[in-house]
4 protein chains.
Amino acid sequence: MIILLKPEATQSDANEILDQISSLDLKPLYMPGIERTVIGAIGDERKIAQLHLENHPMVETITPILSPYKLVSRELYPEDTVVNIDNIPVGGDNFTIIAGPCAIESDEQLYKTAEIVKEYGGHCLRGGAFKPRTSPYSFQGLGLKGLKILHNISVKLNIPTVTEVIEVQDIEDIEKYASAFQVGARNMQNFRLLKALGQTRKPVILKRGISATINELLLAAEYIVDEGNPNVILCERGIRTYETATRNTLDLNAIPYIKQHCHLPVIVDPSHGTGVRSLVEPMSKAAVACGADGIMIEVHYNPKVALSDGQQTLFPEQFRQLLINLKPFIKAAGKKIQY
Amino acid sequence: MIILLKPEATQSDANEILDQISSLDLKPLYMPGIERTVIGAIGDERKIAQLHLENHPMVETITPILSPYKLVSRELYPEDTVVNIDNIPVGGDNFTIIAGPCAIESDEQLYKTAEIVKEYGGHCLRGGAFKPRTSPYSFQGLGLKGLKILHNISVKLNIPTVTEVIEVQDIEDIEKYASAFQVGARNMQNFRLLKALGQTRKPVILKRGISATINELLLAAEYIVDEGNPNVILCERGIRTYETATRNTLDLNAIPYIKQHCHLPVIVDPSHGTGVRSLVEPMSKAAVACGADGIMIEVHYNPKVALSDGQQTLFPEQFRQLLINLKPFIKAAGKKIQY
Amino acid sequence: MIILLKPEATQSDANEILDQISSLDLKPLYMPGIERTVIGAIGDERKIAQLHLENHPMVETITPILSPYKLVSRELYPEDTVVNIDNIPVGGDNFTIIAGPCAIESDEQLYKTAEIVKEYGGHCLRGGAFKPRTSPYSFQGLGLKGLKILHNISVKLNIPTVTEVIEVQDIEDIEKYASAFQVGARNMQNFRLLKALGQTRKPVILKRGISATINELLLAAEYIVDEGNPNVILCERGIRTYETATRNTLDLNAIPYIKQHCHLPVIVDPSHGTGVRSLVEPMSKAAVACGADGIMIEVHYNPKVALSDGQQTLFPEQFRQLLINLKPFIKAAGKKIQY
Amino acid sequence: MIILLKPEATQSDANEILDQISSLDLKPLYMPGIERTVIGAIGDERKIAQLHLENHPMVETITPILSPYKLVSRELYPEDTVVNIDNIPVGGDNFTIIAGPCAIESDEQLYKTAEIVKEYGGHCLRGGAFKPRTSPYSFQGLGLKGLKILHNISVKLNIPTVTEVIEVQDIEDIEKYASAFQVGARNMQNFRLLKALGQTRKPVILKRGISATINELLLAAEYIVDEGNPNVILCERGIRTYETATRNTLDLNAIPYIKQHCHLPVIVDPSHGTGVRSLVEPMSKAAVACGADGIMIEVHYNPKVALSDGQQTLFPEQFRQLLINLKPFIKAAGKKIQY
């Protein structure tokens, strides 16, 4: 940790801070300069963070040296982690297709859509039973009834399922009825939820918050892993920028960046990441190419009647074409084609 | 609602959409142009939203005419709403000072700080018992124990209190021990929490999400009011931008914009909004000047030892000076000085 | 154009605006609603823009129907435009590699680097003679001397060249010594420069501004084409967001979005778009996959001694590997491999 | 400067870098840690920047200690600089009102508007002769003819003038006809223009770029001062964020931040900073309150017919009220009221 003092800091300010660092059995470094004094602290940065030196009125800035996450870091575990959603592996040299409607609307809607997902090569079925919506006047999901529909279809078609968890109290039901949890962008920093999910052993697909930095995403994953659940899959789904031509700006830089710094699998959601149906296929290809371990796609047997996010949802024929057109890119990326 | 069709849309696509609009007893308008066809729908936009025309493959864009919120809109209630935190009015011609430490750390810390808040002219005491923290390795708050400390000091010093609510299950305890709820930026779109708070009648200070638009903030307030609780106070606390010199970018544009479009009181949190101790006073003055109904300030009897957000926390003497220096601006703004 | 009036607008305000629209021989549409009045104007939106109805105090918002650009739009020219940099085609089914150092530093540096570019399969050599730098204390480029070095090496190695133009007065020299102009991100809205480049016939690589929307990029291209030069190549090079892990956020959404709305070729600069050497290869693959017509890469015979942007500049061996590893993706994208 | 090496860096990499630092007669510091090695370099950071250590493949990050600007820094000159626009002082305890139309449209338009500016208390007249416009189909300004109109009215009404300079070649004309240069947001990093303005002695109002950081603005000012012209006035005019309710997000945090770090005067442009007429007055008050040295306001004798930016331009009566309503805030801020 590097501590830059203000120009008006005195020798006694510096000594006070050096003593605090020594008191934790860390090694302090004193670097007086002509214009400014710099102090270094060598050792465990999580330990030195307890001193809250940023509060000191004579401290101008503090620069950490190490990344704030540890368990999810590739420095700690250099190998790729593979997370299994039931019998479907995510990560390593697998490329996984998770698809389905934004929201579960009815038994018929989900069944028809799940058949399409399965037939054209999808590995997991997604569908939301609990829907967080910006407006109180929008469709809010079927709740527990939706979960049961999801479960029945999962059994009938033998396909693993992913559904969004919004609150700690839903965990038990979802654990019973679905194969994996999805944490939505709005809940990426719902730390109680993360901790509670850390107590389970089911896979958690953790979506990046709409204005979360990559480091904040990795710290959120750290919460889950730190509680004991290593089965975390990260998901890039677009960030909020000034650009309005697309609903979000899909930040694909994040994929190789995360792959280089973290051992967890990373997938991409080009449906939310663009918000535009015609951009889903090209951005799925780009996701494969830059190293993603899978994609999560919104598809509906008839998007014209979808109750949410219809404008970014693929028609069945578009989904079929997408999977066909992805194949050469998956092969070029050195991943297995499992469909 | 204005619906722009794609260039390749046919007459029959237009007719299909016109029929759907008519089917809801709304008035459709057909505007064929040389390059594009435009369709209008006159009437309740919340009704027409049910058609999900954005899903139609021949629809290029949909532009709503009316604002998506209703109950919080000044078009509906032109007068200023005044919300009372116990006996302290917020809104109208009042200017309210809410102050205290970021987190409740101990009985002694809160008592010493509360004395300062009260003595120098603060109206309400703030302090967090439940702290959502980006890193799992940071201080997470005292929980219920903290709430009880807050309550005791509130009684002893006769000062109303504000504390953050993180989850539905905490509502009951907070309702018992504090005068008002605070919804943090990370929970602005935690819709279950908003709905549950709508079931109470205690004031809710709703902070703007770190990347929420002003319209999203107003829609979040609509959730609470729609459930029956009209006592909502909005709070601007800085948004996330590319600028790194400050922790957040305090968006003061939002204050007059909200005052012109919404009847609820609006306060400003310059501590989080800047993240820099020396910017708190000037930005508090600016908040007064552009029409805010109050400020929420972080102060600590000794910020050097604060367990969170110390670098933006005022020293007691800075807090005293701030309130003295704010007075002429409060007067210039035509607000009452109550301290 | 759709004009939404304020709630307090009267019938006479509406009539005033309807008359103005009629006066231009456009077709006005009057849509009185219960809560608001909406007015439509059907016809050439550039014509109606002259009325400056946005200035009217009773106008709340104006929503254009048509895109503001015309000449670069695919609605006008549905076919892909192919632009030739000397004998190198950009666009259509070609995939073009433009590479070289950020700045021309010396004859030796450029020659050594150009040999590498050419040997490993690059089609065009890039190198800046005029460098706009954030700090006055950074290296500012060799100027005319650099241009001459670029020209000599172009002739010796028979490779077309691209160099940045900063000001109108440099156009003549660059036209003489280089094969194509590059307009940097900072000059994307230097409209005089764009107009002057519109008077030439040499290709212009127009980089997206660091906070330009896609529509603003297309309007900037419109400036050049409108003056008579159709040879414009667009370049995505990353936008400024709140994310700090990477220097910029490469917005690959822009590639398929532009390809769907505009007939000009689009290339990607993953060196500036990420600012991180190890992200250049994966993001180059992603660029190919989502439909880019080429990439622009920073490479240096010895990046350790580069005078600018060295941290994002590839070592020769990295560049060689990049071109080898790109091949299967170029093939998967259905583009010709010309190296 | 603090240099963090990658985990895989060897002792010999560290030695190589330490030797380079020593070779410049700077003091190197070697801090080997358990997980990482950190190297410090004490001395002039502009000198060490020549080493381009960021290019080294074993360097992970470089953190500068000192601010990159020097001449504009308050560390160097602790006193407020006062810049005179003809006889009008800007900075210190003065509060200056610069007002006028966005663009000079005709002799009559500017005269009528200038009379209003002068009569109600404005100190300087603004008006653009050269207008950079996003669309090639918008009004581009009267050019030299506009400058002459500006000059005549300046003489007739005895009021100093400010006008935008777009290109080096315009400097001579503007120097002849106007009292001060304005550099627009799009040209904040047009470094040749900045250098050329550094050769003059007329005041330069330097507007912050639409996505420029505060540090980049200060570095741009440094360019001008470094060339010999100390008469620079900074101007905050709103930055681009994801928020769409306002045209830009006026970043008032920047005002006290700049006042604390830089000795130059800073003014605020709430017309562009909000893009909304009704927000101009409240944000002008906020600008005063947080320490701005002046405001730049768009006013027009009849905004309904303005050829550019009419929706943010004040009507004469609004301008009159603004100046009246500002007075108590200017007084509260301890500034002189000169009108």
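Residues numbered from 1 in each chain as written. Chains lettered and ligands numbered in written order. Predicted model: local features only at pLDDT ≥ 70, side-chain atom pairs only at ≥ 80, totals over all residues. Heavy atoms only, no water.

Trainee: Explanation requested: the pattern of salt bridges in the structure shown.
Mentor: Pairing between side chains becomes possible if they bear opposite charge and their charged atoms approach one another. The tally for this structure, following the rule as stated, stands at 64 salt bridges over all chains. Across the pair Glu167(C) and Arg192(D) runs a salt bridge, and its minimum N-O distance is 2.7 Å. Taken together, the residues span two chains, with Glu167(C) in the loop between strand E9 (161–165) and helix H5 (171–177) and Arg192(D) in helix H6 (residues 191–198). Note on Glu167(C): relative accessible area 4%, which makes it buried. Judged by its relative accessible area of 24%, Arg192(D) falls in the partly exposed class. Taking the shortest distance from any N to any O, the salt bridge between Lys335(C) and Asp293(C) comes out at 2.5 Å. Here Asp293(C) lies in the loop between helix H10 (277–289) and strand E14 (294–298) and Lys335(C) lies in the segment after helix H11 (316–332), a separation of 42 residues in the sequence. This pair shows no difference in class: Lys335(C) is buried, exactly as Asp293(C) is. (Salt bridge = Lys/Arg side-chain N within 4 Å of Asp/Glu carboxyl O. Helix = DSSP H or I, 4+ residues; strand = E, 2+ residues; numbered from the N terminus. Buried < 20%, exposed > 50% of the residue type's maximum accessible area, 1.4 Å probe, protein only.)

Trainee: Teacher, can you tell me more about the environment of Ser67(A) here?
Mentor: Relative to the elements of secondary structure, Ser67(A) occurs in the loop between strand E4 (59–63) and strand E5 (83–85). In this structure the C-alpha to C-alpha distance between Ser67(A) and Leu51(A), which are 16 residues apart in sequence, comes to 18 Å.

Trainee: Where do I start with the sheet that holds strand E1 (residues 2–5) of chain C in this structure?
Mentor: Two modes of strand pairing occur in sheets, parallel and antiparallel, and in both the strands are linked by backbone hydrogen bonds. All names here are of chain C. The strand order E2-E3-E1-E4 describes an open sheet built from four strands, whose pairing is antiparallel. The two strands at the open ends of the sheet, each matched to only one other strand, are strand E2 (27–32) and strand E4 (59–63). Here the strands of the sheet are splayed against their neighbours by 20° on average, with no regard to which way each runs. As paired strands, E2 and strand E3 (residues 37–42) are joined by six bridges and run antiparallel to one another. Each residue of the ladder has a partner; that of Pro-32, found in E3, is Thr-37. Where helix H1 (residues 11–23) meets the sheet, its contacts fall on E1, E2, E3 and E4, and the angle it forms with E2 comes to roughly 160°. (Pairing = 2+ DSSP bridges. Axes fitted to C-alpha atoms, helices over the stretch in contact; angles between N-to-C directions. Contact = heavy atoms within 4.5 Å.)

Trainee: What should I look at first to understand the interface of chain A and chain C in this one?
Mentor: The partner chain C presents 37 residues to the 37 residues of chain A that form the contact. Interface of chain A and chain C: buried area, both sides summed, is about 2800 Å²; carbon and sulfur atoms make up 65% of it. Among the residues of chain A in contact with chain C, Tyr242(A), Asn253(A) and Phe329(A) are the three that bury the most area, contributing 24% of the side total. Across the pair Glu243(C) and Arg208(A) runs a salt bridge, and its minimum N-O distance is 2.7 Å. In this structure, the connection of chain A to chain C is made through 12 residue pairs in polar contact (both at pLDDT 80 or more). If you list the elements that add at least two residues to the side of chain A that touches chain C, you get helix H8 (254–261), helix H9 (270–274), helix H10 (280–289) and helix H11 (316–332) of chain A. Counting residues per element, the side of chain A that touches chain C draws most heavily on H10(A), which supplies five residues. Class assignment of the residues belonging to the side of chain A that touches chain C gives a composition of 20 nonpolar, 12 polar and five charged. (Buried area = accessible area lost by both parts, 1.4 Å probe. Polar contact = N/O pair within 3.5 Å; in protein donor to acceptor, adjacent residues only side chain to side chain. Nonpolar A, V, L, I, M, F, W, Y, C, P; charged D, E, K, R; others polar.)

Everything listed is a geometric property; what it means functionally is a separate question.
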